[in-house]
Amino acid sequence: MKFLKRWRVGIQLVGFLLLVGCQAQPPANQTHNYRLETTRQAQGADQRIHFLVIHYTAEEFHNALNTLTDEHVSAHYLIPAHPPLVDGKAVAWQLVPESMRAWHAGASGWQGRNNLNDTSIGIELENQGFTPTMLGQRFYPYPAGQINLLISLSQDIVKRYQIAPQNVVAHSDIAPQRKEDPGPQFPWQKLAENGIGAWPQAWRVKALLHGRAAHQPVDTALLLSKLARYGYSVDPGMTPRQQRRVIAAFQMHFRQSDYRGEADAETEATVDALLQQYLSPSSQAR
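Everything quoted here is computed from the prediction, not taken from an experiment.

Criteria and cut-off values
- Residues numbered from 1 in each chain as written.
- Predicted model: local features only at pLDDT ≥ 70, side-chain atom pairs only at ≥ 80, totals over all residues.
- Heavy atoms only, no water.
- Helix = DSSP H or I, 4+ residues; strand = E, 2+ residues; numbered from the N terminus.
- Buried < 20%, exposed > 50% of the residue type's maximum accessible area, 1.4 Å probe, protein only.
- Contact = heavy atoms within 4.5 Å.
- Areas by Shrake-Rupley, 256 points an atom, 1.4 Å probe, with all protein chains shown as cover.
- 1 Å grid on protein atoms, 1.4 Å probe; cavity = no way out; pocket = protein on both sides within 12 Å on 5 of 7 lines; lining within 4 Å.
- Points joined across faces, edges and corners; volume = space filled by probe spheres on them.
- Nonpolar A, V, L, I, M, F, W, Y, C, P; charged D, E, K, R; others polar.
- pLDDT = per-residue confidence, 0-100.
- Expected span 1.5 Å × (residues − 1).

## Regarding the overall build of the protein chain
And then number 1: In terms of regular secondary structure, the protein chain is built from 10 helices and 11 strands.
And then number 2: Residue burial in the protein chain is summarised as follows: out of 286 residues, 42% are buried.
And then number 3: Long-range pairs, those at least 24 residues apart, make up 69% of the contacts in the protein chain between residues at least 6 apart in sequence.
And then number 4: Taken as a whole, the protein chain presents about 16500 Å² of accessible surface, with 55% of it coming from carbon and sulfur.

Structural data, given as structure tokens:
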């Protein structure tokens, strides 16, 4: 009986030691001469990635690939105008791991944050950009296959980082004084219909017009204050030209039929609709 008891105690001790040993085993990446304890995690932390930024290359694919893989600028992804198929799947180029910072945004700002390279994923789309004409700039459209691949890739990114709709932005949104990409031909509404980014509800815009004509002038300072609430960087010392560039950037994204940068009633109603849909207390509670 004593032998049996000792044998049971021995088995229990071995089991306990094995359990402790299993619990004490460091993760596979802890192969150094020190150990990291990770059983308690801080609550004061959040996801590093908050924004998805869409660009165009303004040059053909191979030149863009060379540009984006030299030592000056980069992006996480590059999507050709006509993506090739491998085993029936459209191919995008990943140039920078998402865990690393790419140099795509430059001097930028959105919702009070600056230097968005630190907190964003950048996607470049092969597109010529625009050609100057006697009547202004002629922007180029995006092929359906390219947009379909962008949608699939962006859906995964938005889900992976829980990126809010209003934080899927154009390069021109975050740097309106120097950038115009991806331009007024980019199909923001189609992306929003596929769960990527924001888009104003037409009925809400109509209601917020309150019967005003679409191009009826509105107070520029008030409009800019609303654009700042939505996310745009607005400096009280901006010149009238700089103010128009901010308004035009918003219009290229959300009112693509007219992006002259004029402060008008339809632009104001559109930003009011977006503020209600995405930034009001009731919308954030959902």
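Moving on from the coordinates now.
## Points about the layout of surface pockets
And then number 1: Size it by volume and the largest pocket reaches roughly 330 Å³.
And then number 2: Taken together, 20 residues make up the lining of the largest pocket; nearest its centre are H55, Y56, E124, H171 and K179.
And then number 3: Ranked by residues supplied to the lining of the largest pocket, first place goes to helix α2 (residues 61–68) with 3 residues.
And then number 4: By residue class, the composition of the lining of the largest pocket is 7 nonpolar, 7 polar and 6 charged.
And then number 5: By volume, the second largest pocket is sized at about 220 Å³.
And then number 6: Around the second largest pocket, the lining comprises 13 residues; the ones closest to its centre are E180, R244, R245, A248 and Y259.
And then number 7: Of all the elements, helix α8 (residues 240–254) adds the most residues to the lining of the second largest pocket, at 6 residues.
And then number 8: Classifying every residue of the lining of the second largest pocket gives 5 nonpolar, 2 polar and 6 charged.

## Describing the confidence of the model for the protein chain
And then number 1: Looking at the protein chain as a whole, the pLDDT averages 90, with 88% of positions reaching at least 70.
And then number 2: Below a pLDDT of 50 lies the segment residues 1–26, which in the model reaches 4 contacts outside its immediate sequence neighbourhood of four places, other chains included.

## Topic: the environment of G261
And then number 1: Looking at the secondary structure, you find G261 in the loop between α8 and α9 (265–279).
And then number 2: Taking relative accessible area as the criterion, G261 reaches 2% and is therefore assigned buried.
And then number 3: Between the C-alpha atoms of G261 and V246, which are 15 residues apart in sequence, the distance is 7.4 Å.
And then number 4: Beyond its immediate sequence surroundings of up to four residues, G261 is in contact with R244, I247, A248 and Q251.

## Overview of α8
And then number 1: Here α8 is 15 residues long and its end C-alpha atoms lie 21 Å apart, about the 21 Å a rise of 1.5 Å per residue gives.
And then number 2: Listing the buried residues of α8 in full gives V246, I247, A248, A249, F250, Q251, M252, H253 and F254.
And then number 3: On its buried side, α8 packs onto β11 (168–170), α4 (171–174), α5 (188–193), α7 (220–230) and α9.

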